[in-house]
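Coordinate inspection notes
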Amino acid sequence: MKFSAQQEVAVPADSLFDLLCDFERLEEAAHRRGIEIVRTDSPDGRVIGTFWQVEIRFRRKLLH
C-alpha cells in the first residue's frame, strides 16, 4: 500500500522537520484518534530501521 499527500505550510523547514521527528508526539496524536500504533524495535531513541505496527479502522474495516 502506498500513500502520498502534500500540503503547503507557513512554518520554517527546520521547525517542521523537528515536529515531524517528534515520534512520541505523533504516537500520542494517533492514539487520541483511535489508531493503535506500536513501535516494534527498542524505544531507546531514534535509529535507522525503526518500524511501527499500525491498526486503523477505516469505513468499518480494520487496516494493518
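Scroll up to find the structure.
Just so we're clear, the structure is a prediction, and the values are computed from it rather than from any experiment. (Residues numbered from 1 in each chain as written. Predicted model: local features only at pLDDT ≥ 70, side-chain atom pairs only at ≥ 80, totals over all residues. Heavy atoms only, no water.)

1. Let's talk about the overall build of the protein
Helix and strand content of the protein: two helices and three strands. Going from N to C terminus, the protein has its helices and strands arranged as α-α-β-β-β. Counting over 64 residues, the protein shows a buried share of 11%. Across the protein, every contact between residues at least 6 apart in sequence was considered, and the portion connecting residues at least 24 apart equals 9%. Just so you have it, the protein exposes about 6,300 Å², and 55% of that area is on carbon and sulfur atoms. (Helix = DSSP H or I, 4+ residues; strand = E, 2+ residues; numbered from the N terminus. Buried < 20%, exposed > 50% of the residue type's maximum accessible area, 1.4 Å probe, protein only. Contact = heavy atoms within 4.5 Å. Areas by Shrake-Rupley, 256 points an atom, 1.4 Å probe, with all protein chains shown as cover.)

2. Some details on helix 2 (residues 23-32)
The periodicity of an α-helix, 3.6 residues per turn, causes residues three or four positions apart to be oriented the same way. Looking only at helix 2, the buried set comprises Glu27, Ala29 and Ala30. Each buried residue of helix 2 lies within a common arc of 160° when the element is viewed along its axis, so the set occupies one face. Residues of helix 2 that are exposed and angled more than 90 degrees away from the buried face: Arg25 and Arg32. In this structure, the buried residues of helix 2 make contact with strand 1 (36-39) and strand 2 (52-58). Gly34 lies just past helix 2 and shows a positive phi near 85°. (Arc of directions from axis to C-beta.)

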